[in-house]
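Now for the letters of each chain:
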Amino acid sequence: MVETTTIVLYPAPGIGHIISMVQLSKLLLTHYQQQHFSITILLTNGFQDHPSINSYINRISSSHPSIIFHSLPTITVTTTTTTQSMAATAFQFIKSNTVNVESKLRQISLTSVIKSFIIDMFCASAMDIASSMGIPVYCFFTSGAAVLALYSYFPKIHSETTSSFREMNGVEIVAPGNAPLEAVLMPEPVLVREDPAYWEMLYFCEHLSMAKGIVVNTFRELEVKAVKAVEDGDCFPDRKRTLPSIYCIGPLIADAQQSDEASDGKDCLSWLDKQPSKSVVYLCFGSRGSFSIAQLKEIAEGLERSGHRFLWVVKRPIQENHGTNQVDNTTGEFELSSVLPSGFIERTKERGLVVRSWAPQVEVLSRESVGGFVSHCGWNSVLEGVVAGVPMIAWPLYAEQHVNRNVMVEDMKVAVAVEQSEGDRFVSGEEVEKRVRELMESEKGTEIRERSLKFKDMARDAFGECGSSTKALSNLVQTWNEINPL
């Protein structure tokens, strides 16, 4: 006899996707302890595996025994060409796991009632098998509502274009709930029409509207225009289909990390505690963001000329003359002195600190001394900045970050944006200095700071007793209860 109830979550490969699903799991368990259900998370093996994933899972299993992890059989992906993009390889790997997901769902169903199957957007290939088993499928969208609106509208954009976005210089893409976006700045997986990743993304985006509901890591007050576009269905081309319910349950951010991953972590927090209030500019560009040595030199010169205090996380540079990129290993050993201008660290040691590879970002942003955040506009970082009430300088690098940049600067108005050169997106030292001074010294910077503090209060209130995110979570669980009471 089936006695237990569970909710099954299926993240895309990689520690970042897994952490997002775990945070959602903890949120559900914390707010609805009386419902007596467990969480089951399916984990892939064979792509983007890392020892940090195992240690993280062990830590979560100990602290949250109601979260159960199931590892799927290892799959090895062989690329058909040497030029296949990393995104295409990742999507191929996820699709190859569909048979394993089906087997695991059937196994779990023998002993538990599966109330819902919550998948990462990139795991849409598993949607049909769950639906065929009578399991309601929800999509957990870990980016914001503006990106959700763009992706939901992407099938329509696809039908109206024939060229690769990468070749569409001077053309703007307009999607409901979004500011106009240069076609060449569309997310990488859809930039090149000939890339298999493009067609996989089209498949994912078409399937968004097929989910019973979409859970979004944002809160209504943060992205008013985009949330309205999604809820009203303006961004879904097929209006004849019953539209998915939208649940804005954010801001969902990582817990403050213990500073045991790098010796620099404890040092930077101690250093911050000795600095004046709102005096430090914090620079960090995500777990996969890396710069050329030439770009690092320009950042260093801009920071030095600005005269402001700074905490700068520097990752192992890429081997290019200009521009930015994302690399798989940004934490390899390297000497800071070998990638920064000669004498820079010594000249700025009284007002600046450079750390290698990593800093405990949530803890850093919560420090009273931090007065600005130069961010790559990854959505997790954006939310962490919002929750901390720290004004930002937007410097998008890859993925959907140019969309987020528009939201931060034009809609939320919590950031100033750096000006990047066309093509290689290079940023000069003069521009770095200009934007740091603008944020830290100008009247506009003061306005942005005040607005950031208002959003901090809104983010806190969203999870209050009558908050918008609390209501959305309640509605989500109520939907599951209507299917079969928990």
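Residues numbered from 1 in each chain as written. Predicted model: local features only at pLDDT ≥ 70, side-chain atom pairs only at ≥ 80, totals over all residues. Heavy atoms only, no water.

J.: Now, about the packing of aromatic side chains: what can you tell me, with residues and values included?
T.: For the coordinates displayed, the defined rule picks out 19 aromatic pairs. On the numbers, 4.7 Å between centres and 90° between planes, the contact of phenylalanine 285 with phenylalanine 291 is edge-to-face. Looking at phenylalanine 285, the relative accessible area reads 3%, which means it is buried. Taken together, the aromatic side chains of Phe91, Phe122, Tyr203 and Phe204 make up a single cluster linked through ring pairs. (Phe/Tyr/Trp six-rings, centres within 6.5 Å; stacked < 30°, edge-to-face > 60°. Buried < 20%, exposed > 50% of the residue type's maximum accessible area, 1.4 Å probe, protein only.)

J.: Could you give me a rundown of the sheet that holds strand β17 (residues 415-417), with the residues and numbers involved?
T.: Taking strand neighbours across the sheet as the criterion, the 6 strands line up as β14-β12-β10-β15-β16-β17 in an open arrangement whose pairing is parallel. Either end of the sheet is taken by a strand with one partner, and the two such strands are β14 (352-356) and β17. On average, each strand axis in the sheet is inclined to that of its neighbour by 20°, with strand direction left out of account. The pairing of strand β16 (residues 392-394) with β17 spans 3 bridges and is classified as parallel. Bridging across to β17, methionine 392 finds its partner in alanine 415. (Pairing = 2+ DSSP bridges. Helix = DSSP H or I, 4+ residues; strand = E, 2+ residues; numbered from the N terminus. Axes fitted to C-alpha atoms, helices over the stretch in contact; angles between N-to-C directions.)

J.: Explain empty space enclosed by the protein to me, using residue names and the numbers behind them.
T.: For the structure on display, the rule yields 5 cavities of 30 Å³ or more. Considered as a void within the structure, the largest cavity measures approximately 70 Å³ in volume. Together, Cys284, Phe285, Gly289, Ser290, Phe291, Leu296, Trp312, Val313, Val314 and Lys315 line the largest cavity. Every element with two or more residues in the lining of the largest cavity is listed here: β11 (289-291) and β12 (309-314). Considering only residue class, the lining of the largest cavity consists of 7 nonpolar, 2 polar and 1 charged. (1 Å grid on protein atoms, 1.4 Å probe; cavity = no way out; pocket = protein on both sides within 12 Å on 5 of 7 lines; lining within 4 Å. Points joined across faces, edges and corners; volume = space filled by probe spheres on them. Nonpolar A, V, L, I, M, F, W, Y, C, P; charged D, E, K, R; others polar.)

J.: Could you give an account of helix α4 (residues 98-109), with specific residues and numbers?
T.: When the terminal C-alpha atoms of α4 are compared, their 17 Å separation across 12 residues agrees well with the 16 Å that a helix rising 1.5 Å per residue should span. Restricting attention to buried positions, one finds in α4 the residues Thr98, Asn100, Val101, Lys104, Leu105 and Ile108. Down the axis of α4, the buried side of the element spans an arc of 155°, and every buried residue falls inside it. Buried residues along α4 sit in contact with β1 (4-10), β2 (38-45), β3 (67-74), α3 (86-96), β4 (112-120) and α5 (127-132). (Expected span 1.5 Å × (residues − 1). Arc of directions from axis to C-beta. Contact = heavy atoms within 4.5 Å.)

J.: Explain the sheet that holds β3 residue by residue, including any values.
T.: The sheet built from 7 strands is open, its strands ordered β3-β2-β1-β4-β5-β8-β9 with parallel pairing. The sheet is open, and its two borders are formed by β3 and β9 (245-248), each paired with just one other strand. Put simply, the sheet's adjacent strands are angled 25° from each other on average, direction ignored. Helix α1 (residues 15-31) contacts β1, β2, β3, β4, β5 (137-141) and β8 (213-216) of the sheet and is inclined by roughly 175° relative to β2.

J.: Provide a residue-level description of the packing of helix α6 (residues 145-159) against helix α8 (residues 224-231), including the pertinent values.
T.: Between α6 and α8, whose axes approach to 8 Å, the crossing angle comes to 40°. Classified by the angle between their axes, α6 and α8 sit oblique to one another. Pair α6 / α8 crosses with left-handed handedness. In contact with Ala145, Ala146, Leu148 and Ala149 of α6, α8 contributes Ala226, Val227 and Val230. Split by residue class, the contact of α6 with α8 holds 7 nonpolar, no polar and no charged. (Parallel < 35°, antiparallel > 145°, perpendicular 65-115°, else oblique. Left-handed = near helix turned anticlockwise from the far one by under 90°.)

J.: Tell me what's going on with the side chain of histidine 207, and back it up with residues and numbers.
T.: As for its position among the elements, histidine 207 is in helix α7 (residues 196-208). Looking at histidine 207, its side chain comes within polar contact range of the main-chain oxygen of tyrosine 203, at 2.9 Å. Setting aside residues up to four positions removed in sequence, histidine 207 forms contacts with Ala124, Met127 and Asp128. (Polar contact = N/O pair within 3.5 Å; in protein donor to acceptor, adjacent residues only side chain to side chain.)

J.: Requested: an account of the pattern of salt bridges, with residues and values cited.
T.: Counting across every chain of the model gives 21 salt bridges. Here arginine 435 and glutamate 431 are joined by a salt bridge, their closest N and O atoms 2.6 Å apart. Note that arginine 435 and glutamate 431 are positioned in helix α16 (residues 429-441) at a spacing of 4 residues, about one turn of the helix. Glutamate 431 shares its class with arginine 435; the two are buried. One connected set of salt bridges, linked through shared partners, spans Arg305, Glu433, Arg437 and Glu441. (Salt bridge = Lys/Arg side-chain N within 4 Å of Asp/Glu carboxyl O.)

J.: Outline the pairing of β2, supporting the account with residue identities and numerical values.
T.: For β2, a buried count of 7 out of 8 residues is recorded, marking the element as mostly surrounded by other parts of the structure. Summarising the sheet, β1 and β2 pair through 4 bridges and their orientation is parallel. Counterpart to isoleucine 7 in the pairing with β2 is isoleucine 39. With 6 bridges connecting them, β2 and β3 associate as parallel partners. What sits directly across from isoleucine 41, in β3, is phenylalanine 69. For the segment spanning β2, helix α2 (residues 51-63) and β3, crossover handedness is right-handed. (Right-handed = clockwise from strand over helix to strand, strands pointing away.)

J.: Explain the environment of phenylalanine 236 residue by residue, including any values.
T.: Here phenylalanine 236 lies in the loop between α8 and β9. Along the primary structure phenylalanine 236 and glutamate 433 are separated by 197 residues, whereas in three dimensions their C-alpha atoms are 42 Å apart. Sequence-distant contacts of phenylalanine 236, defined by excluding residues within four places in its chain, comprise Ser152, Ser209, Ile214, Val230, Leu243 and Pro244.

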